[in-house]
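Here is how the chains run, residue by residue.
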Amino acid sequence: IVKQYTIREVALVDTINATGNITAPPNNTRVNGNVTISATANDDQGVNYVSFRSRNSSSISYTNISIADRACDMVFTPFDCVWETSNFSDNIDGHQIRIVPCDLAGNCNYTIPSKTYIIDRSYPVENSRLILYPSLQSSIRNTQTLWFEVNVSDAIAGINTTQGDLVNLNGTRN
């Protein structure tokens, strides 16, 4: 008994775009130096790669983030891009970064919302320093509490934290 079989190729049609979003850093973060931008991407048939793209406030279109050997135009899992901000201008309005996830069928989603990052290369400035306690003393002891007030300002970002170096307070670190 001989049975005949017919083999048919069936092409799967993928009409659903991949989805995704940038997970870090948060929107409106002030950045400087090399910044790792992380993203997630999903698709019912599988994600092939993610492109990271940028534009500043004066640009109409996005361009791939591709600096030297750190190309971010085709990133495979994990979806992380190191953005070298030194190659981008300071812009108080920020740079918009978006991802474009592409699935295995070649469908790329260009509608993922962007996040804005502000490159801040300014350094905070110390405006004044005042020792509140102990007053009228030229030195402090190991167990003595020191209270001081420092006034600092920053042209763009504001101040998150202030650190003081007490080495020169009385020259002895005691």
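As the structure is a prediction and not an experimental result, all values here were calculated from the model.

Cut-off values and rules
- Residues numbered from 1 in each chain as written.
- Predicted model: local features only at pLDDT ≥ 70, side-chain atom pairs only at ≥ 80, totals over all residues.
- Heavy atoms only, no water.
- Pairing = 2+ DSSP bridges.
- Helix = DSSP H or I, 4+ residues; strand = E, 2+ residues; numbered from the N terminus.
- Axes fitted to C-alpha atoms, helices over the stretch in contact; angles between N-to-C directions.
- Contact = heavy atoms within 4.5 Å.
- Polar contact = N/O pair within 3.5 Å; in protein donor to acceptor, adjacent residues only side chain to side chain.

S.K.: Which parts of the structure should I look at to understand the sheet that holds strand β8 (residues 80–84)?
M.R.: Hydrogen bonding along the main chain pairs the strands of a sheet, whether they run parallel or antiparallel. Pairing is antiparallel across the open sheet formed by 3 strands, whose spatial order is β1-β3-β8. Each edge of the sheet is formed by a strand with only one pairing partner; in this case those strands are β1 (19–24) and β8. The mean angle between the axes of side-by-side strands here comes to 30°, regardless of whether they run parallel or antiparallel. Where strand β3 (residues 34–42) meets β8, 5 bridges bridge the pair, whose relative direction is antiparallel. Directly across from N34, in β8, lies its bridge partner E84.

S.K.: What is the right way to read the environment of R53 from this model?
M.R.: With respect to the secondary-structure elements, R53 resides in strand β4 (residues 47–56). Taking the C-alpha atoms as reference points, R53 and C72, 19 residues apart in sequence, are found 8.0 Å from one another. Not counting residues within four places of it along the chain, the set of residues in contact with R53 comprises Y62, T63, N64, I65, Q96, I97, R98, V100 and Y110. Within the structure, the side chain of R53 is placed 2.9 Å from the side chain of N64, a separation counted as a polar contact.

S.K.: Even after reading the chapter, I still don't get unusual backbone geometry, so can you show me in this structure?
M.R.: Excluding glycine, most residues fall at negative phi; most peptide bonds, likewise, are trans. Cis geometry is adopted by the peptide bond preceding P25, which originates at A24 and carries an omega value of -10°. Looking at the element boundaries, P25 is found in the loop between β1 and β2 (29–31). A cis amide bond links T77 with the next residue in sequence, P78, at an omega value of 0°. Relative to the helices and strands, P78 resides in the loop between β7 (70–71) and β8. In this structure, N28 is a non-glycine residue whose phi angle is positive, near 65°. With respect to the helices and strands, N28 occurs in the loop between β1 and β2.

Purely geometric stuff here, so don't read any function into it on its own.
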